[in-house]
Amino acid sequence: SVAAKPYSGNPMSAEESFTLGNEEFVNQNWGKALEHFTRAAELDPSKAEYLLHKAAALTKMGSLDQAVAVCHDAMKAEPSNPKPYLRKGMALVQKGDLSAARGALEEGQKMDPSSKQFSTWLAKCGDALPPAPAGQAGRHDGALGEMLEAHGGQVYPMLDTVLEYLKRNSDFFDRNSALAVDMIHDLSKKYADSPAVAAASPSPGGCAGGGGEGGLVAMPVTVSASAKSALEKAIKQREEQGDGEGGDGKVKPGTQCKNNSCTKCYQDESSLEQECLYHPGAPVFHEGYKYWSCCKKKKTTDFSEFLSFTGCTRGTCVFTDDPTKKKKALCRYDFFQQGPQVTLSIYAKKVHPEQCEFKISATRLKIFICFDFVNTFALDLALAGRVRPGECKVEILGPKVEIVLKKGDGSAWTELGNSLMEEDE
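Parameters at a glance
- Residue positions within a chain follow its written sequence, with the count starting from 1.
- Reporting of local features is limited, given that this is a predicted model, to residues whose pLDDT is at least 70; pairs of side-chain atoms are given and counted only at 80 or more, and all residues count toward the totals for whole chains, interfaces and linings.
- Side-chain measures were taken over the full set of non-hydrogen atoms in the model, leaving aside hydrogen atoms and water.
- Put simply, DSSP H or I for four residues or longer makes a helix, DSSP E for two residues or longer makes a strand, and each gets a number counted from the N terminus.
- Type-normalised accessible area, obtained with a 1.4 Å probe on protein chains alone, sets the label of each residue: buried when under 20%, exposed when over 50%, and partly exposed for intermediate values.
- Residues are treated as being in contact if the distance between any of their heavy atoms lies within 4.5 Å.
- Per-residue and other accessible areas follow the Shrake-Rupley method at a 1.4 Å probe size, with only the shown protein chains counted as cover for residues.
- For this analysis, a nonpolar core means a set of buried residues of the types Ala, Val, Leu, Ile, Met, Phe, Trp, Tyr and Cys, connected via side-chain atoms within 4.5 Å.
- We define a salt bridge as a side-chain nitrogen of Lys or Arg found within 4 Å of a carboxyl oxygen belonging to Asp or Glu.

Engineer: Got a minute to help me understand the overall build of the chain in this structure?
Structural biologist: Looking only at helices and strands, the chain features 14 helices and 16 strands. Here the chain holds 425 residues, and 38% of them are scored as buried. For the chain, the proportion of contacts with a sequence separation of at least 24, taken over those separated by at least 6, is 59%. Of the roughly 23,700 Å² of accessible surface on the chain, 52% is carried by carbon and sulfur atoms.

Engineer: I'm lost on the nonpolar core in this one. Help?
Structural biologist: The tendency in soluble globular proteins is for nonpolar side chains to be buried side by side. Ranked by size, the top nonpolar core spans 73 residues in total, and within it I346, I369 and I403 carry the most contacts. When residues in this core are grouped by element, the largest group, eight residues, is from helix α3 (residues 48–60). For I346, the residues in contact, after removing those within four places along its chain, are C331, R332, Y333, I367, I369, F377, K400, V401 and I403. Counting eight residues, the second largest nonpolar core, distinct from the first, contains V251, C276, C317 and F319.

Engineer: Before we go on, may I ask you to explain the environment of G408 in this structure?
Structural biologist: Among the structural elements, G408 can be located in the loop between β15 (401–406) and β16 (417–419). Leaving out residues up to four positions away in the same chain, G408 has contacts with R386, V387 and R388.

Engineer: I'm lost on the pattern of salt bridges in this one. Help?
Structural biologist: Any two side chains of opposite charge can pair if their charged atoms end up close together. Under the criterion given, the structure shown has 15 salt bridges. Residue E275 is joined to R314 by a salt bridge in which the shortest nitrogen-to-oxygen separation is 2.8 Å. Here R314 lies in strand β7 (residues 313–316) and E275 lies in strand β3 (residues 275–278), a separation of 39 residues in the sequence. Judged by relative accessible area, which is 44%, E275 ranks as partly exposed. Judged by relative accessible area, R314 falls into the partly exposed class, the value being 36%.

The structure is reproduced here in structure tokens:
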């Protein structure tokens, strides 16, 4: 059982507590997020959104029974809102109670039949198609080779024939068309991203600023008094507490995978080898939209839907952190433009200025931030427009790092830019 700590800060409104909770949530500070969401729900218990975010934080912490109970409170607060049923179903799926999950999801789906989220999670209750048998690679090369030859060596018509066959002779599309489309997309991405295919594919051309370090210059950095004070205080606390935290190093059953958007939980040692889908990018909140930096085309204004976005990258579940090593971390970032400049805000606290790097060229931004002693965040972008490197600057503040980019022209930016980073960087 997880109990939120009593709120001890200055008095604030429910919406202010809710906003702080969201910031802690996207930075994976589940305990602090729970405190703020609990405070918001206490101040305004009639708003289901606050309760649902509290349930989401409890789910992340592995307190699934408590999350379900909070969903019941949200149902009472707003009886006609389908989202509490979705959140309850998601928690029950992670708990392994698929029968109860199906009941909650079907009840919510009746309220909102058009929502794809209910279909996606219902599929996880038993409608999901079984995985392909292991060891099948190469076994059907002869027949597939003849099939490809019969289609004149053309891949598109061959795939069209295969899918048309599945449509006529199986329930692949009929059971859950959205799941079928997602599965085809995942398989396509799997082979498009494999080393063998990538090596044979020509590299994309024309990406301004994408080659090497040429033209990049260091930006001037200013550190605010509040940022210096916060770092000095953290260093002092760390020295007083010491580095070791003890423990037997074992993972507690029910611990959720630390990869973004993976909802799998640790059961036993076999869980360390299970595959997961996750987002390698960072969460971006911009002009009301929420999305992952690695999946810019998939956006939403709904926070619960954002949390349910299926990962775009395959990997292995991770359940532990190594506090002695620098580790890549998520930082929420956002940007806005006003007149001739674009301001990028990266939400990271206790930043170590001497271990950071901020470089800029007319078309490229490359940064590396070290914060909270062991966390690092990197961003390498081909910018959406040209800038004037000599007029760009960085300011490290208490809760964030702010980068001001001076536009090279008066054009409006619809996005910050395209990532130049490899997935494994």
